[in-house]
Structures are given as C-alpha cells and as structure tokens.
Amino acid sequence: MIHVLFVCLGNICRSPMAEAVLRHKINAAKLDDRIKVDSAGTGSWHTGNTPHKGTRAILKEYGIADSGIFARQVAEKDFRDHHYIVAMDAANMSDLQEFAPAGHQARVALLMDYVAGREGTGVPDPYYTGNFQEVYDMVDAGCEALLQHIRSQEEL
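Conventions we followed
- Throughout this description, residue numbers start from 1 for each chain and increase along the sequence as written.
- Residue-level local features of this predicted model are given only where pLDDT is at least 70; pairs of side-chain atoms are given and counted only at 80 or more, and the full residue set underlies all totals for whole chains, interfaces and linings.
- The side-chain numbers reported here are obtained from all heavy atoms of the structure, hydrogens and water having been left aside.
- Note on pairing: DSSP must find at least two bridges between two strands before they are called paired.
- The way it works is that DSSP assigns letters per residue, a run of H or I at least four long becomes a helix, a run of E at least two long becomes a strand, and they are numbered from the N terminus.
- Interaxial angles span 0 to 180 degrees and are taken between N-to-C directions of axes, which are lines fitted to C-alpha atoms, for helices over the stretch in contact.
- Only heavy atoms matter for contacts: two residues are in contact if any of them lie within 4.5 Å across the pair.
- For every residue, the accessible area obtained with a 1.4 Å probe (protein chains only) is divided by the maximum for its type, and the residue is called buried under 20%, exposed over 50%, and partly exposed between those limits.
- Pairs of N or O atoms are called polar contacts if they sit within 3.5 Å, as long as, within protein, a hydrogen donor faces a hydrogen acceptor (for residues adjacent in sequence, only side-chain-to-side-chain pairs).
- The handedness rule is simple: strands pointing away from the viewer, and a clockwise path from the first strand over the helix to the second, make the crossover right-handed.
- Side-chain atoms within 4.5 Å link the members of a nonpolar core, which is a set of buried Ala, Val, Leu, Ile, Met, Phe, Trp, Tyr and Cys residues.
- Multiplying 1.5 Å by the residue count of a helix minus one yields the expected span of that helix.

1. A look at the sheet that holds strand S2 (residues 35-41)
(1) Moving on: Overall, parallel pairing links the four strands, which are arranged S2-S1-S3-S4 in an open sheet. Each having just a single partner strand, S2 and strand S4 (107-110) make up the two edges of the open sheet. Each neighbouring strand pair of the sheet contributes to a mean axis angle of 20 degrees, computed without reference to strand direction.
(2) Moving on: Two elements, strand S1 (residues 2-8) and S2, share seven bridges in a ladder whose sense is parallel. Bridge assignment links Phe 6 to a residue of S2, and that residue is Ser 39.
(3) Moving on: Across the sheet, helix H4 (residues 90-99) is in contact with S1, strand S3 (84-87) and S4; its angle to S4 comes to roughly 160 degrees.

2. Considering the side chain of Ser 39
(1) Moving on: With respect to the secondary-structure elements, Ser 39 resides in strand S2.
(2) Moving on: Ser 39 sits in the buried class, given a relative accessible area of 1%.
(3) Moving on: At a separation of 2.6 Å, a polar atom in the side chain of Ser 39 contacts the side chain of Glu 19.
(4) Moving on: Once residues lying within four places of it in the same chain are set aside, the contact partners of Ser 39 are Leu 5, Phe 6, Asn 11, Ser 15, Pro 16, Glu 19, Ile 69 and Arg 72.

3. Structural notes on the pairing of S2
(1) Moving on: Summarising burial for S2: five of the seven residues are buried, a large majority.
(2) Moving on: Taking the sense of rotation as the criterion, the β-α-β connection linking S1, helix H1 (residues 14-28) and S2 turns out right-handed.

4. Focus: the nonpolar core
(1) Moving on: Membership of the largest hydrophobic core comes to 39 residues, with the highest contact counts inside it found for Val 4, Phe 6, Met 17, Leu 22, Ile 35, Val 139 and Leu 146.
(2) Moving on: Among the elements that line this core, the one with the most residues is helix H6 (residues 132-153), at 10 residues.
(3) Moving on: What Ile 35 contacts, discounting residues up to four positions off in sequence, is Met 1, Ile 2, Val 4, Ile 26, Leu 147, Ile 150 and Leu 156.
(4) Moving on: Leu 5, Ala 40, Ile 85 and Leu 110 belong to the second-largest nonpolar core, a separate cluster that totals 11 residues.

5. Examining H6
Counting along an α-helix, one turn takes 3.6 residues, and residues three or four places apart therefore face a common direction.
(1) Moving on: For H6, spanning 22 residues, the distance from its first C-alpha to its last is 30 Å, which sits close to the expected 32 Å at 1.5 Å a residue.
(2) Moving on: Inspection of H6 places Phe 132, Val 135, Tyr 136, Met 138, Val 139, Gly 142, Cys 143, Ala 145, Leu 146, Leu 147 and Ile 150 among the buried residues, and these make up the whole buried set.
(3) Moving on: Elements in contact with the buried residues of H6: S1, H1, S2, helix H2 (53-61), S3 and helix H5 (126-129).
(4) Moving on: Following H6 by one or two positions, Glu 155 has its phi on the positive side, about 55 degrees.

6. Here's the deal with the side chain of Asp 125
(1) Moving on: Within the element layout of this structure, Asp 125 appears in the loop between S4 and H5.
(2) Moving on: Given the relative accessible area of 15%, Asp 125 is considered buried.
(3) Moving on: Of the polar contacts made by the side chain of Asp 125, one reaches the backbone nitrogen of Tyr 127; its length is 2.9 Å.
(4) Moving on: When sequence neighbours within four positions are dropped, the list of residues in contact with Asp 125 reads Leu 9, Cys 13 and Arg 14.

Structure representation (structure tokens):
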C-alpha cells in the first residue's frame, strides 16, 4: 500500500481539497486498494474541524466527496508512515523540513513539482485569497500528475 500525505498550513483548505481530489481519482482508477491518502496541517489551530466551507463548496460542485476528512497536525510518525509527503507551498515545505526526523524515507515535494513547467510553484491559500476555483484547478492538475507519477514509480 502506497501512502500519500498532503500538507498545508491549517489543514482546512488546500490539503483536504487535495486529499479529496486524489481519493476521487484513485477510486476512478480502481486503485483504492493500492493507494491511501491523508492530509495534515503544519499548525494545530483547526484540529478536529471539517474542511473550510469554500473547500466543501468547490468539491461539491465537482461531485467530489469530502466525508471523513478532519483537520489534524502533521506528526513525526507521518514521515515513517507515508511514502509521499506533498506540501502546498514553500512555507509548508520549510516547516516539514523542520519536523522531519533524521533518516526518514518519505519523498517530500511541492504538489506543483509534479506538473511539468510548474515546478517550484506554490498553491495559494484560499483562506486568505478566497479564490477556491484557482486552487481547485491547481490541485486537480497536481493530483493528476502526482497519480501518474506514483503509477509509474510504483508500477501500478
């Protein structure tokens, strides 16, 4: 089983959106018995909360379920339990590098690093911008590219 963890700041906008989108794509590809997806935040402010109403609304618009997703903070064990840890922006990546235990084996990258020509690009936080459509478009493209990468790397 391949484990993927998406990480953003509070785990209520971007990372739960990515979790839901990738789950949707995994289910459509009939790989739900091979890939598991989760999300977390670098901060603990929203622990236990469901995704932001803007995230829920855009997912609903695209027919993507967000059931069972609740905010939590990233933990050291995530670096042992997940093969891919995917940050939404450079600040999240920096925080992850601080959290990471020495010798971990997880592949840590930005979501947009998986999209050709978009490497190094951060996904903006719609909590501040309000632009959930822009974020959805980036997350959708990133999740599609990530899934193709995983399928290729893991021979799925």
